[in-house]
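# Descriptive structure summary
Listed here are the chains, written in short residue letters.
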Amino acid sequence: MDAREAVLDKYSGRVFKNRKDHIVELDEAGVPKEIASNSRSVPGLMINRGCCYAGCKGVVLGPLRDTVVITHGPIGCGYYTWGTRRNKADAPDGRNFIQYSFSTDMQETDIVFGGMKKLHQAIKEAVEIFQPKAVMICSTCPIGLIGDDINAVAATAEKEFGITCIAYSCEGYKGVSQSAGHHIANNGLMKRVIGSAKDEIPKEKKTFRLNILGEYNIGGDGWEQERILKKIGYEVVAVLTGDGSYEALTHAHTANLNLVQCHRSINYIAEMMKTKYNIDWIKVNFIGIDETIRTLREIADYFDDETIKKRTEEVIAEELEEIAEEREFYRNKLTGKTAGIFVGGSRSHHYQHLLMDFGVKTVIAGYEFAHRDDYEGREVIPDIKLDADSKNIEQITVEPDQQLFHVALDKARFDELRKKNVELEYYKGMFKDMGDGTITIDDFNHYETEKVLEIFKPDIFYSGIKDKYMIMKKGVPSNQLHSYDYSGPYACFKGSITFARNTYLSISTPAWNMMTPPWRTKSTLEGTLGDENY
Ligand code: CFM
Ligand code: HCA
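As the structure is a computational prediction, the values presented were derived from the model and not from experiment.

Let us now look at the overall build of the protein. When helices and strands are tallied, the protein shows 22 helices and 16 strands. Along the longest, intermediate and shortest principal axes, the C-alpha atoms of the protein span 95 × 65 × 45 Å. Contacts in the protein between residues far apart in sequence, at least 24 positions, make up 75% of those at least 6 positions apart. Across the protein, the mean location of the 67 positive side-chain charges is 1 Å away from that of the 79 negative side-chain charges.

The next point concerns unusual backbone geometry. Following leucine 240, the chain continues into threonine 241 via a peptide bond in cis, with omega recorded as -5°. Looking at where threonine 241 falls in the secondary structure, it is placed in strand 7 (residues 235–241). Here the bond from glycine 488 into proline 489 is cis, since omega is -10°, no more than 30 degrees from zero. In this structure, proline 489 sits in the loop between strand 14 (478–480) and helix 21 (492–508). Phi at arginine 86 is positive, roughly 60°, even though this residue is not glycine. Relative to the helices and strands, arginine 86 resides in the loop between helix 4 (75–80) and strand 3 (102–103). Relative accessible area serves as the criterion here: at 18%, arginine 86 is assigned to the buried category. Located in the positive-phi region is aspartate 485, a residue other than glycine, with phi close to 50°. Here aspartate 485 lies in the loop between strand 14 and helix 21.

Moving on: the site of ligand 2. In the neighbourhood of ligand 2, the contacting residues comprise Ala54, Tyr80, Arg85, Gln178, Gly464, Ile465, Lys466 and His482. Interatomic distance of 3.1 Å between a side-chain N/O atom of tyrosine 80 and an oxygen atom of ligand 2. Here an oxygen atom of ligand 2 sits 2.7 Å away from a polar atom, N or O, in the side chain of glutamine 178.

This next bit is on the pairing of strand 6 (residues 209–215). Across the seven residues that make up strand 6, a large majority, seven, are buried. Note: strand 6 against strand 7, six bridges, orientation parallel. Counterpart to asparagine 211 in the pairing with strand 7 is alanine 238. Alignment of strand 6 against strand 8 (residues 257–260), held across four bridges, turns out to be parallel. Each residue of the ladder has a partner; that of asparagine 211, found in strand 8, is asparagine 258.

The next subject is the pattern of salt bridges. Within this structure, the stated rule accounts for 49 salt bridges. Notably, a salt bridge pairs lysine 124 with glutamate 128, separated by 3.1 Å at the nearest N-O pair. Note that lysine 124 and glutamate 128 are positioned in helix 6 (residues 116–130) at a spacing of four residues, about one turn of the helix. Across the pair glutamate 171 and lysine 174 runs a salt bridge, and its minimum N-O distance is 3.6 Å. With relative accessibility at 18%, the residue lysine 174 sits in the buried group. Shared partners join several salt bridges into a network, and the residues in it are Glu224, Arg227, Lys231, Lys310, Arg311, Glu314, Glu318 and Glu319.

Counting buried positions along helix 12 (residues 263–277) gives 12 out of 15 residues, so the element sits mostly inside the fold. Buried residues of helix 12: His263, Arg264, Ser265, Ile266, Asn267, Tyr268, Ile269, Ala270, Met272, Met273, Lys276 and Tyr277, and no others. Asparagine 278 sits one or two residues past helix 12 and shows a positive phi near 60°.

To continue, consider the packing of helix 13 (residues 289–303) against helix 21. Interaxial distance between helix 13 and helix 21 falls to 9 Å at its minimum, and their mutual angle equals 170°. As judged from the angle between their axes, helix 13 and helix 21 are roughly antiparallel. The two elements helix 13 and helix 21 cross, and the hand of that crossing is right-handed. Seen from helix 13, the contacting residues are Ile289, Thr292, Ile293 and Leu296; seen from helix 21, they are Cys492, Phe493 and Ser496. Here the contact of helix 13 with helix 21 is composed, by residue class, of five nonpolar, two polar and no charged.

Moving on, we get to the sheet that holds strand 4 (residues 134–139). The strand order 3-2-4-5 describes an open sheet built from four strands, whose pairing is parallel. The two strands at the open ends of the sheet, each matched to only one other strand, are strand 3 and strand 5 (164–168). Of the strand pairs in this sheet, strand 4 and strand 5 are connected by five bridges, and their pairing is parallel. Within the sheet, the bridge partner assigned to alanine 134 lies in strand 5 and is threonine 164. Running over the sheet, helix 3 (residues 52–61) touches strand 2 (67–72), strand 4 and strand 5 and is turned about 155° from strand 4. Packed onto the sheet, helix 8 (residues 150–161) meets strand 2, strand 4 and strand 5 and runs at close to 175° relative to strand 5.

Criteria and cut-off values
- Along every chain, residues carry numbers that run from 1 in the direction the sequence is written.
- Numbering of ligands from 1 and lettering of chains from A proceed in the order in which they are written.
- The model is predicted, so local features are restricted to residues of pLDDT at least 70 and side-chain atom pairs to those at 80 or more, both for listing and for counting; the totals for chains, interfaces and linings are taken over all residues.
- Note: side-chain values were computed over all heavy atoms of the structure, leaving out hydrogens and water.
- The helix count covers DSSP runs of H or I at least four residues long, the strand count covers runs of E at least two residues long, and both are numbered beginning at the N terminus.
- Residue contacts are defined here by distance: any two heavy atoms, one from each residue, within 4.5 Å place the two residues in contact.
- Residues scored as positive are Lys and Arg, those scored as negative are Asp and Glu, and His as well as the terminal groups of each chain are ignored.
- Note on charges: their place is set at NZ of Lys, CZ of Arg, CG of Asp or CD of Glu.
- A 1.4 Å probe rolled over the protein chains alone gives each residue an accessible area, and that area as a share of the maximum for its type sets the label: buried under 20%, exposed over 50%, partly exposed in between.
- By convention in these notes, a residue is near a molecule or strand provided one of its non-hydrogen atoms lies within 4 Å of it.
- Each polar contact in these results corresponds to two N or O atoms within 3.5 Å; when the atoms are within protein, one needs to be able to donate a hydrogen and the other to accept it, and residues that are neighboring in sequence are counted only if both atoms are side-chain atoms.
- At least two bridges found by DSSP between two strands is the condition for calling them paired.
- We count a salt bridge whenever a side-chain nitrogen from Lys or Arg sits within 4 Å of a carboxyl oxygen from Asp or Glu.
- For helices, the fitted line uses only the C-alpha atoms of the stretch in contact; every axis is such a line through C-alpha atoms, and the angle between N-to-C directions lies from 0 to 180 degrees.
- Angle categories are assigned with fixed cut-offs, so that under 35 degrees is roughly parallel, over 145 is roughly antiparallel, 65 to 115 is roughly perpendicular, and the rest are oblique.
- Should the near helix be turned anticlockwise from the far one by less than a right angle, the crossing is termed left-handed; should it be turned clockwise, right-handed.
- Just so you know the grouping, Ala, Val, Leu, Ile, Met, Phe, Trp, Tyr, Cys and Pro go in nonpolar, Asp, Glu, Lys and Arg go in charged, and all remaining residues, Gly too, go in polar.

So this is what it looks like as structure tokens:
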């Protein structure tokens, strides 16, 4: 029985039929296989996925610091998305609302009689107290069920208070995971926010203006990327959306290039900005030392400017120099270890590179809610059949904006960059970087996690809060790759050392030598019973 068959072995016929297509064992390193994904989970299985609301409010909109994002629903949903993701923000102008949790706190009577008045009142209070740049409303499950018209409330509030007010129908049940929420949030930002300042596209040739898309500043990752990019000489126009601002997003159309860090959560905006403003996007990865170097060189290559290219090499050399000693230390300690990674929709790929920098091989990987293109590469997009759940999510189309259209990159240059494997308007997916015999599981569950731990016995397993302690109770070190536990940043050069240190500490803690309780190996009861000594 191979590893895949062993994971599926105990399932009933019906569950087996569903799960078998979500588990893939690669026969040949780097050769993708088709995997079932972005479909409904099997009821009863202990999965790690979140909901549509979590993807819209928690992931994409929540990190905007100058915007009040109101959760329209019972308090639990707002509470769940309050700070646990560790997306950091710091506003020089004091307009940083991310430490607050704004909610209409719907009660039973509101569910019976409707919550629109309460929502209007909440917007009024938020505007009066905080004077945000914009207000966004995110619906939770009961709101969709009782039919509150959040768009009407937003439109009224917008007129009454003279502030942008955008409603998102991202009820938790819409779609099969967070992924639906990303899409809904992307649509709303594209329709109402991005480019709305309508400022002219800078004419000078020598501007190196970037947006970073799909970077949420978890543990300060985005700040580390900005530090490096600015040191080289780039201007970061907007970050979507880590430590991001509504204000910056309105100018995002003036950037020359979009860097896409998390493909899954933001590829819709990257594509729409290409159509509407002709801004190219490239898939980047600031997680991992070699990957950061590759990314920086590719951005420089895109702009093809000698000063930027020279500065890129100088910054790479400086940063490498600073981490050289620790890099060597942790590489010696970690080489030969193996890892498993199960996270949402991007990091399971990105972190394989960072682990490789320190000689750690990833033998098991998986995503909670990625789509086939995140596994197999964007070339499979035309083959993906949309099911009823996906069709339920609004697909918007945008038209080229003649006034704000950027000058196109020369076609020959585009082809040249693609030939050099620069992922321009492309993402290759995770499989192409995975070894033979590795297992990939889509929408993994706790049972399958236990099985792969038994089969592969990895030295460390990276996942989230829902399974961290279950994994540790099986005797396997487990670090969180969503929140980074209490640590970070993990991005770029210095971040890689912080990650390596945490990995080393987790693997080498003496606690793992005490996994076998003493009573298993020797008697702990001593005393006399009658005349006998025991
Ligand atoms: Fe993108 Fe993310 Fe992720 Fe994601 Fe997430 Fe996250 Fe994640 Mo948690 S946007 S897909 S919906 S990289 S919150 S910052 S860690 S599951 S792998
Ligand atoms: C979410 C957010 C989450 C959850 C993390 C976890 C995050 O999906 O709603 O399960 O540990 O990164 O905070 O992905």
